[in-house]
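In case you want the letters, here they are:
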Amino acid sequence: MVVKGGGGMHILFISRYYYPEKAAAAVCVGETAKRLSNYGHKVTILTTFPSYPTGIVPQQYRGRLLQTENIDGVEIIRTWSYVSPNRGFFKRISSYLSFGCLAALLSLKVLGIPDLIIVESPPLFNVIAAHLLNWRYRIPLIFWVADLWPESAIQLGAVRNPFLIKLARWLEWSTYRKARLVWAVTADMRSKLIQWGLAPEKIFLIPNGVDTARFSPSSQTMARQELGWPQAFIILYAGTHGLTHGLSTILEAADRLRGYPAIRFVLVGDGAEKAALLSQARHKALSNVHFLDPLPHELMPTVLAASDVCLAHTRKLPIFEGMLPMKMFEAMASGRPLILALNGEARQVAVQQAQAALYCEPENAEALASAVYYLYTHPEVVEQLGRNGRTYVKSHFDYTQLTHQLNVQLQKLLPETILHH
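Cut-offs applied
Residues numbered from 1 in each chain as written. Predicted model: local features only at pLDDT ≥ 70, side-chain atom pairs only at ≥ 80, totals over all residues. Heavy atoms only, no water. Helix = DSSP H or I, 4+ residues; strand = E, 2+ residues; numbered from the N terminus. Rg over C-alpha atoms; globule rule 2.2 N^0.38 Å. Buried < 20%, exposed > 50% of the residue type's maximum accessible area, 1.4 Å probe, protein only. Contact = heavy atoms within 4.5 Å. Areas by Shrake-Rupley, 256 points an atom, 1.4 Å probe, with all protein chains shown as cover. Lys, Arg positive; Asp, Glu negative; His and termini not counted. Charge placed at Lys NZ, Arg CZ, Asp CG, Glu CD. Core = buried A, V, L, I, M, F, W, Y, C linked by side-chain atoms within 4.5 Å. Salt bridge = Lys/Arg side-chain N within 4 Å of Asp/Glu carboxyl O. Pairing = 2+ DSSP bridges. Axes fitted to C-alpha atoms, helices over the stretch in contact; angles between N-to-C directions. Parallel < 35°, antiparallel > 145°, perpendicular 65-115°, else oblique. Nonpolar A, V, L, I, M, F, W, Y, C, P; charged D, E, K, R; others polar. Disulfide = S-S within 2.5 Å. pLDDT = per-residue confidence, 0-100. Phe/Tyr/Trp six-rings, centres within 6.5 Å; stacked < 30°, edge-to-face > 60°.

### A few points about the overall build of the protein chain
Reasoning step 1: Each helix and strand in the protein chain was counted, giving 16 helices and 14 strands.
Reasoning step 2: Taken against the 2.2 N^0.38 rule, which gives 22 Å for 421 residues, the C-alpha radius of gyration of the protein chain at 21 Å falls within 12% of a compact globule.
Reasoning step 3: Across the 421 residues in the protein chain, those meeting the buried criterion constitute 56%.
Reasoning step 4: Within the protein chain, contacts between residues at least 6 apart in sequence are counted, and of these 74% link residues at least 24 apart.
Reasoning step 5: Within the structure as shown, the protein chain displays about 17500 Å² of accessible surface, and the carbon and sulfur contribution to it stands at 56%.
Reasoning step 6: Side-chain charges of the protein chain comprise 41 positive and 31 negative groups, with the mean position of each set lying 6 Å from the other.

Here you go:
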């Protein structure tokens, strides 16, 4: 528990995703929000009804335009937005836009007047709600950039429409200009923003992190009993099965390792590519690959404890060199070694600084199979990497320390919020 004090504000987070959703954004915003309330701030989340990743809203949230609830001392305002189980690009953009355009309007009668807005992107269209509230109340705005969108979507080829690209870039830059501070989650993002012309003093860096009390080393035997997992050498990929992750490489590596029946790959999660991956695994008759549905975030410490090695993997594109995936910190906090198929900053942190991971080239099945085999035959390395990761993450990426750093940044805006009163 953090001692209260240091000037309380009413802080509004605008995030398309929030608990009980398992999206990385939902977890990051939730962990930060509940800790900020320990500093005496009143924290409100403006979000929509949960539907990630299925596009299906749970029964208890259906049929309303607005709903408020309180979780962990944080006030949550949920507003209606268009959702659809269909994963089509147009439908997804419509969903993002409907939240961005309607959230500010629908929440007005219950929101009150915040002192400060922190808006999280992606989805970038969240910023529309932030602009509307900023225009109405003239309150300082912090733009929390978790991904350089639309840049990443353009590099992936997910956004090709020239009008949409133009609109997204205009929205992005008008938000950089309007924001009092820009919060970057990786050093690479911060330096890119400076290269693109943003003033260095306007950008602060606080990475995503992990709750090291919840994610901590625990008994593998008990975790496997609880989940009903077999005795095997388990390589775990837990997260979105999307365009960005290049997961067919895992299936190709599994194909190369089919001569070692004790090695099993477990993929937990959902996403746009999951159906194609299932069909590829069936086609190759891979009995050493197991797909599981998404599991509640509360269960993730048990899932990590049940694994031997965790895997972080992306496509081999320059945009991902600035990425620090949350799954990396959760694995390290749980004392699990990583195989890291990621270039750039993540490699610097996990392989070079923490000495908690083996690096292998992204989208290289041969390299991945070799890394898995090496760890399978070197249990002492598995042990050492896991220990190193736990030690490093506790001193550098614990959410309680990171939220303290954020509170220091927020105090800089306190004079403005007092004037605003």
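Here the narrative resumes, following the displayed structure.
### Section: the side chain of Thr249
Reasoning step 1: Among the structural elements, Thr249 can be located in helix α8 (residues 248-256).
Reasoning step 2: Given a relative accessible area of 4%, Thr249 falls into the buried group.
Reasoning step 3: Beyond its immediate chain neighbours, meaning those up to four positions away, Thr249 contacts His313, Glu363, Asn364, Ala365 and Leu368.

### Focus: the nonpolar core
Reasoning step 1: Judged by nonpolar contacts, the single largest core of 113 residues is most densely connected at Phe13, Ile14 and Met328.
Reasoning step 2: No other element matches the seven residues that helix α1 (residues 24-37) contributes to this core.
Reasoning step 3: If near-sequence neighbours (up to four positions away) are discounted, Phe13 is found in contact with Val29, Thr32, Ala33, Leu36, Val43, Thr44, Ile45, Leu46, Ile118 and Trp144.
Reasoning step 4: Counting 30 residues, the second largest nonpolar core, distinct from the first, contains Ile339, Val372, Val381 and Val382.

### Things to note about the environment of Ala281
Reasoning step 1: Along the chain, Ala281 turns up in helix α9 (residues 274-283).
Reasoning step 2: Taking the C-alpha atoms as reference points, Ala281 and Glu252, separated by 29 residues in sequence, lie 9.1 Å from one another.
Reasoning step 3: When neighbours within four sequence positions are excluded, Ala281 is seen to be in contact with Leu251, Leu286 and Phe291.

### Here's the deal with the pattern of salt bridges
Side-chain pairing between opposite charges can occur once the charged atoms of the two side chains come close.
Reasoning step 1: Scanning all chains against the criterion turns up 14 salt bridges.
Reasoning step 2: The closest approach of N and O atoms between Arg35 and Asp211, which form a salt bridge, is 3.4 Å. Here Arg35 is found in helix α1, whereas its partner Asp211 is found in the loop between β8 (203-205) and α7 (220-227), with 176 residues between them in sequence.
Reasoning step 3: Exposure remark for Asp211: the relative accessible area of 12% places this residue in the buried category.

### Re the pairing of strand β4 (residues 74-79)
Reasoning step 1: For β4, the buried fraction is high: five of the six residues fall into the buried class.
Reasoning step 2: In this sheet, β4 lies alongside strand β3 (residues 66-71) in antiparallel orientation, the contact comprising six bridges. Its bridge partner lying in β4, Thr68 is registered against Ile77.
Reasoning step 3: Here β3 hands over to β4 after two residues, with Asp72 in that stretch at a positive phi of 55°.

### Regarding the packing of helix α11 (residues 326-333) against helix α14 (residues 379-396)
Helix-helix packing: each pair is described by the crossing angle between the helix axes and the interaxial distance.
Reasoning step 1: It is the contact of α11 with α14, at a shortest axis distance of 7 Å, that shows an interaxial angle of 110°. Between α11 and α14, the angle is such that the two are roughly perpendicular. Of the residues in α14, those touching α11 at Phe329, Met332 and Ala333 are Gly386, Gly389, Arg390, Tyr392 and Val393.
Reasoning step 2: Residue composition of the contact of α11 with α14, by class: five nonpolar, two polar and one charged.

### Some remarks on the sheet that holds strand β7 (residues 181-184)
Reasoning step 1: Ordered by their spatial adjacency, eight strands build an open sheet running β3-β4-β2-β1-β5-β6-β7-β8, and the pairing between neighbours is mixed. Among the strands making up the open sheet, the edge pair consists of β3 and β8. Mean inter-strand twist for the sheet, computed between neighbouring axes without regard to direction, equals 20°.
Reasoning step 2: Across four bridges, the pairing between strand β1 (residues 10-14) and strand β5 (residues 116-121) is parallel.

### A short note on the state of the cysteines
Reasoning step 1: Tallied over the entire structure, the rule returns zero disulfides.
Reasoning step 2: Cysteine Cys310 shares no disulfide, and the gap to the nearest cysteine sulfur, in Cys360, comes to 14 Å.
Reasoning step 3: Residue classification places Cys310 among the buried residues on the basis of a relative accessible area of 4%.

### Things to note about the environment of Arg92
Reasoning step 1: Here Arg92 lies in helix α2 (residues 89-111).
Reasoning step 2: Residue class for Arg92 comes out partly exposed when judged on its relative accessible area of 33%.
Reasoning step 3: Linking Arg92 and Asn288, residues 196 residues apart in sequence, is a C-alpha distance of 34 Å.

### As for the confidence of the model for the protein chain
Reasoning step 1: Per-residue pLDDT for the protein chain has a mean of 92; in total, 97% of the residues score no lower than 70.
Reasoning step 2: No element of the protein chain has a lower mean pLDDT than helix α16 (residues 414-420), at 65, and none a higher one than helix α13 (residues 365-376), at 98.
Reasoning step 3: Note that pLDDT drops below 50 for residues 1-6; the model gives that stretch 13 contacts with residues more than four away or on any other chain.

### As for the packing of aromatic side chains
Reasoning step 1: All chains considered together, the criterion is met by 13 aromatic pairs.
Reasoning step 2: Their ring planes at 50° and their centres at 5.2 Å tell us that Phe143 and Tyr176 sit as a pair that is tilted. With Phe143 in strand β6 (residues 141-145) and Tyr176 in helix α5 (residues 162-178), this residue pair connects regions lying 33 residues apart in the sequence. Residue Phe143 shares its accessibility class with Tyr176, and that shared class is buried.
Reasoning step 3: Look at Trp183 and Phe204: their rings are 5.8 Å apart centre to centre, the planes differ by 25°, and that puts the pair in the stacked class.

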